[in-house]
Amino acid sequence: MSARKITVVGAGHVGEVCAQRLAEKELCQEVVLIDIVEGTPQGKGLDQWQSAPVEGFDTMVTGANDYGPAEGSDLFIVTAGIARKPGMSRDDLLRTNAGIVRSVSTEIARVAPDAVVIVVSNPLDVMAYVAKETTGFPRERVIGMAGVLDTARFRAFIAMELDVSVEDIQAMVLGGHGDTMVPLVSYTSVSGIPVSRLIPQDRLDAIIDRTRNGGAEIVKHLKTGSAYYAPSAAAVQMAESIVRNKRRILPAAAYLEGEYGQAGIYLGVPCKLGEGGLKEVIEVELTESESAALARSADHVRGVMANL
C-alpha cells in the first residue's frame, strides 16, 4: 500500500533528503519537490531519479517552482523556511517562517484540498497552527513533526551511554519542540527494563539536557545551517505510518482539544497515525513532575503564538 503522490515543499537539506527517503522506500508513485529557487528542485529531483536504477526504486522524483505538479497530492511534507544559525533559537524564526508557511498552506488548500500535511518548519508547534488555520483542514490532517526527532535523539544518547542497540530502547518525548520538551523517563526502557535501573539520575539528567539542546548542538557544529538527516528520517517515518495505514503510535505535534488539560494549541503528544492522518491522541498517565513540565511547555508555546 502506498500513496499516488507526495509533495515535499522546500528543496533545502531537509526537503531534499525527505524526497530521497520517500522515493527509496517507495511510499508513493511520484515525489514532487517544490522550491522557489529556479532550477534547484528540478536539478535535485533529476539527480535523485537517476539514482533509482542503482538503488532499485521506481518512484519518480520531479522538481518544480509552482504547485501545478503537486495537484491531487495525498500528502505534503512542509520543510520550507529559513534555517537556524548559531545563537538563534527556533522562536527567532517566527515571523519570517510564519509568512512562508501561510503562503505554502494557501497553495496546498488550493491544489490538494483532501491532503494530509506534515509540518517540519520551525518554530514547529506554532507553524503547525499556522498551517491548520490557513488551510482550514481539520486537526486530523495537519500534524507537526517534532516528537519523533526529539525521541530519536533521546534514544541515540541512551544507546551511546549504555553501549546497546538503539532498537532496544523505547522512549517518548512530549511537549513543545524546543528547550521545554519533556522526555518521559517513566516510560523509557531498554528491552522492557526501566532506564532508571540502568543509568544513574545525574547521567540521565545530562542526557535529557543534551536531548533538549540536540538541534542547537548540531547548529553549533555546522555553523551555516541546522540538522537534516534525523529530521527528514522522522518526517518520513510519520508519512510511512499514514500512507501505509500502519497505525503506529508516535510522538507528534497535534492540535489539542482538551487532551492533557490543553486546548487550542499544538503540542507534542503520543499520536496514532494512519490513513487520513491523526487517528487518535493517546493520553497516558504522567508523574506529577512530568505533568508540570508539560504544562510549562504548553505555556511556552502559547507565549510564542502570542508574538504572532
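Data block above holds the structure.
Residues numbered from 1 in each chain as written. Predicted model: local features only at pLDDT ≥ 70, side-chain atom pairs only at ≥ 80, totals over all residues. Heavy atoms only, no water.

Some remarks on the layout of surface pockets
Which parts of space are left empty comes out when a probe the size of a water molecule is rolled across the atoms.
Right, so step 1: The computed volume of the largest pocket comes to approximately 880 Å³.
Right, so step 2: Taken together, 43 residues make up the lining of the largest pocket; nearest its centre are Thr-79, Ala-80, Gly-81, Ile-82 and Ala-83.
Right, so step 3: Every element with two or more residues in the lining of the largest pocket is listed here: α1 (13–24), α4 (94–111) and α6 (147–162).
Right, so step 4: Residue contributions to the lining of the largest pocket peak at five residues, all from α4. (1 Å grid on protein atoms, 1.4 Å probe; cavity = no way out; pocket = protein on both sides within 12 Å on 5 of 7 lines; lining within 4 Å. Points joined across faces, edges and corners; volume = space filled by probe spheres on them. Helix = DSSP H or I, 4+ residues; strand = E, 2+ residues; numbered from the N terminus.)

Some points on helix α8 (residues 214–222)
Right, so step 1: For α8, the complete set of buried residues consists of Gly-214, Gly-215 and Val-219. Burial along α8 is one-sided: seen end-on, the buried residues are contained in an arc of 135°. Exposed and facing more than 90 degrees away from the buried side of α8 are Lys-220 and His-221.
Right, so step 2: Buried-residue contacts for α8 involve α6 and α7 (201–212). (Buried < 20%, exposed > 50% of the residue type's maximum accessible area, 1.4 Å probe, protein only. Arc of directions from axis to C-beta. Contact = heavy atoms within 4.5 Å.)

Side note on the pairing of strand β14 (residues 277–281)
Right, so step 1: Relative to β14, strand β13 (residues 263–274) is paired through four bridges, and the arrangement is antiparallel. Directly across from Lys-272, in β14, lies its bridge partner Glu-280.
Right, so step 2: Counting the residues that bridge the hairpin from β13 to β14 gives two residues, and of these Gly-276 lies at a positive phi of roughly 85°. (Pairing = 2+ DSSP bridges.)

As for the side chain of His-177
Right, so step 1: Mapped onto the secondary structure, His-177 falls in the loop between β8 (173–174) and β9 (182–183).
Right, so step 2: A polar atom in the side chain of His-177 sits 3.0 Å from the side chain of Asp-150. (Polar contact = N/O pair within 3.5 Å; in protein donor to acceptor, adjacent residues only side chain to side chain.)

Notes on the side chain of Ser-297
Right, so step 1: By the secondary structure assignment, Ser-297 is in helix α10 (residues 288–306).
Right, so step 2: Polar contacts involving the side chain of Ser-297 include one to the main-chain amide nitrogen of Gly-176, which spans 2.7 Å.

With respect to the pairing of strand β12 (residues 248–257)
Right, so step 1: With seven of ten residues buried, β12 lies mostly within the body of the structure.
Right, so step 2: Summarising the sheet, β12 and β13 pair through nine bridges and their orientation is antiparallel. Among the inter-strand pairings, Arg-248 is bridged to a residue of β13, identified as Leu-273.
Right, so step 3: Hairpin connection between β12 and β13: a loop of five residues separates the two successive antiparallel strands, and Gly-258 in this loop has a positive phi of roughly 115°.

Points about the environment of Asp-35
Right, so step 1: With respect to the helices and strands, Asp-35 occurs in the loop between β2 (28–34) and α2 (40–49).
Right, so step 2: Placed 20 residues apart in sequence, Asp-35 and Gly-15 show a C-alpha to C-alpha distance of 9.3 Å.
Right, so step 3: Beyond its immediate sequence surroundings of up to four residues, Asp-35 is in contact with Gly-10, Ala-11, Gly-12, Pro-41, Ala-64 and Asn-65.
Right, so step 4: Among the polar contacts listed, one links the side chain of Asp-35 to the backbone nitrogen of Ala-11, at a separation of 2.7 Å.
Right, so step 5: A polar contact of 2.9 Å, which involves the side chain of Asp-35, links it to the backbone nitrogen of Val-37.

As for the sheet that holds strand β10 (residues 189–190)
Right, so step 1: Strand order in the open sheet formed by three strands is β7-β10-β11, with antiparallel pairing between adjacent strands. Each of the sheet's edge strands pairs with one partner strand only, and the pair in question is β7 (169–170) and β11 (193–194).
Right, so step 2: Both β10 and β11 contribute to a ladder of two bridges, which runs antiparallel. Within β11, the position partnered with Val-190 by the bridge is Ile-193.

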